[in-house]
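# Observations on the three-dimensional arrangement
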Amino acid sequence: MARAFLFVLDSFGIGGAADAERYGDAGADTFGHILQACAEGRADRDGLRNGPLTVPNMMSLGLGRAGQIATGLKLGIDHALLASSFHGAAQEVSSGKDTPSGHWEIAGLPVRFDWGYFPDTVPAFPADLTEAIIREGKVPAILGNCHAPGTEIIERLGAEHIRTGKPICYTSVDSVLQIAAHETHFGLDRLYELCLTVRRLVDPLKIGRVIARPFVGETPATFQRTHNRRDYAVPPPEPTLLDRLTKRGSKVIAVGKIGDIFAHRGISQVRKAGGNMAMFDKALGAMDDAGDGDLVFANFVDFDTEFGHRRDVAGYAAALEAFDRRLPEALARVKPGDLLILTADHGNDPTWRGTDHTRERIPVIGIAPGLKGGNIGLRPSFTDIGETVADHLGLAPGRYGSSFLATIGGHA
């Protein structure tokens, strides 16, 4: 049986990007800095975690070695490797450091065009766009209209939003327009409809995503974003690995926000849940249901939204440790002929300045029972991940990237 499982630890970069300086991120290293903070006791939190970062299962797949490949730094860690495991790192060639760029490139399609961005000014949005949002979205006005962290702007403007019915619209350094609204006072379905309208309005500006950010609560102290987030992404401009698989008749099971990222193109099934651990349960169920030639593509978003953007080192470390404790359940489902890859889509160093993503290399670690495994080195593009999955599942080579399947032992 040849099945593939692709798990994205959203934002778990491992530093070393050759072009990080261009993005203001020279020296950013999500994994390395979390590792260092834990070793120095700066990621201790009573009732949550203490001491050095403990992720033995990912280390047994070569995570520590991947970090050294990415940065060239000696991390002072080593771990016995599982048989048939492989490890390496990959450099992004796409423009930007956001979710669509990273995931599309992982799926074999680099982003060669420049996304549109909103300036870090107040107001951030062009006047004609704001007017169109109000007119076509049938809202009295908008709040925000600036760069802001999501939790901060909801705390600051949530009460006014409830009182006036004006949605909170904001952005960041990424190609995104986010709309926060109260699930009951504004209405969840109404928020989704507004986002669909705004998606159409920002298409000419090449904005990558419009994101619905629903929240609940009645006061700034009780406002809380829910797991009913929805991403409205521009569709990929060319076929991805997912399109190639579904066109052939294979099944692509999308876990988490994967379906949204690809505008639901090339997706057979979508399985969602709230939180990394619930998402892990969904991923395990998808692994059980996958058949010969199928792909399970899962995203674990909490690393990014709950801990990276919030610059919560202890929370990020604890989330990695929780994921690692569950990893043996996935490994037990990987049979001879299968391929499991753990990777990331960008960085979000919780020790870094600001609240935005960081340009970093990503880990490419995993296991292919029956193959020899080993060091796959530094891959020049994330597309090598998608091409390896394509090769493993018997697809003809795509336009971009090179498979590393022969490096780890050839076809299963």
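None of the values given here were measured: they were computed from a predicted structure.

### A word on the overall build of the protein
Along the protein, the regular secondary structure elements total 13 helices and 14 strands. C-alpha atoms of the protein, sized along the principal axes, occupy 60 × 50 × 40 Å. For the protein, the proportion of its 412 residues judged to be buried stands at 62%. Residue pairs in contact within the protein that sit at least 24 positions apart in sequence constitute 69% of those at least 6 positions apart. Surface accessibility of the protein: about 15100 Å² in total, with carbon and sulfur atoms responsible for 52%. In the protein, the 44 positive side-chain charges and the 50 negative ones have mean positions that sit 3 Å from each other.

### Some points on the sheet that holds strand E9 (residues 252-255)
Taken in spatial order, the 8 strands of this open sheet run E10-E9-E11-E1-E12-E13-E2-E14, and their pairing is mixed. Every interior strand has two partners, whereas the edge strands, strand E10 (269-271) and strand E14 (374-379), have only one. When strand polarity is set aside, the average angle formed by the axes of neighbouring strands in this sheet is 15 degrees. Relative to strand E13 (residues 362-367), strand E12 (residues 339-343) runs antiparallel, the two sharing 3 bridges. Bridging from a neighbouring strand, Leu 342 pairs with Ile 365 of E13. Those strands touched by helix H8 (residues 241-248) are E9 and strand E11 (295-300), and its axis lies near 145 degrees from that of E11. Packed on one face of the sheet, helix H12 (residues 313-331) meets strand E1 (4-9), E11, E12 and E13 and runs near 175 degrees to E1.

### A look at the side chain of Arg 379
Turning to its location among the elements, Arg 379 is positioned in strand E14. Excluding residues that lie within four positions of it along the chain, Arg 379 makes contacts with Ala 89, Ala 90, Gln 91, Asp 384, Ser 402, Ser 403 and Phe 404.

### Structural notes on the pairing of strand E6 (residues 209-216)
Counting buried residues in E6 gives 7 out of 8 residues, a clear majority hidden from the surface. Where strand E5 (residues 176-182) meets E6, 7 bridges bridge the pair, whose relative direction is parallel. Bridging from a neighbouring strand, Leu 177 pairs with Val 210 of E6. Of the pairings in the sheet, the one linking E6 to strand E8 (residues 230-233) comprises 4 bridges and is antiparallel in character. When the bridges of E8 are listed, Ala 212 appears paired with Arg 230. Bridge analysis of E6 against strand E7 (residues 224-225) gives 2 bridges, and the strand direction is antiparallel. Within E7, the position partnered with Phe 215 by the bridge is Arg 225.

### A word on the packing of helix H1 (residues 30-39) against H12
At a minimum axis separation of 10 Å, H1 and H12 run at an interaxial angle of 100 degrees. Between H1 and H12, the crossing angle belongs to the class labelled roughly perpendicular. Taken together, the residues of H12 that come into contact with H1 (itself represented by Thr 30, Ile 34, Ala 37 and Cys 38) are Val 313, Tyr 316, Ala 317 and Leu 320. When grouped by side-chain class, the residues that make up the contact of H1 with H12 number 7 nonpolar, 1 polar and no charged.

### Here's the deal with the pairing of E13
Of all 6 residues making up E13, 6 are buried, and the element is well covered by its neighbours. Residues Ile 362, Val 364 and Gly 366 point to one face of E13 and Pro 363, Ile 365 and Ile 367 to the other, with burial holding for every one of them. Of the strand pairs in this sheet, strand E2 (residues 85-90) and E13 are connected by 6 bridges, and their pairing is antiparallel. Bridging from a neighbouring strand, His 87 pairs with Ile 365 of E13.

What counts and how
- Residues numbered from 1 in each chain as written.
- Predicted model: local features only at pLDDT ≥ 70, side-chain atom pairs only at ≥ 80, totals over all residues.
- Heavy atoms only, no water.
- Helix = DSSP H or I, 4+ residues; strand = E, 2+ residues; numbered from the N terminus.
- Buried < 20%, exposed > 50% of the residue type's maximum accessible area, 1.4 Å probe, protein only.
- Contact = heavy atoms within 4.5 Å.
- Areas by Shrake-Rupley, 256 points an atom, 1.4 Å probe, with all protein chains shown as cover.
- Lys, Arg positive; Asp, Glu negative; His and termini not counted.
- Charge placed at Lys NZ, Arg CZ, Asp CG, Glu CD.
- Pairing = 2+ DSSP bridges.
- Axes fitted to C-alpha atoms, helices over the stretch in contact; angles between N-to-C directions.
- Parallel < 35°, antiparallel > 145°, perpendicular 65-115°, else oblique.
- Nonpolar A, V, L, I, M, F, W, Y, C, P; charged D, E, K, R; others polar.

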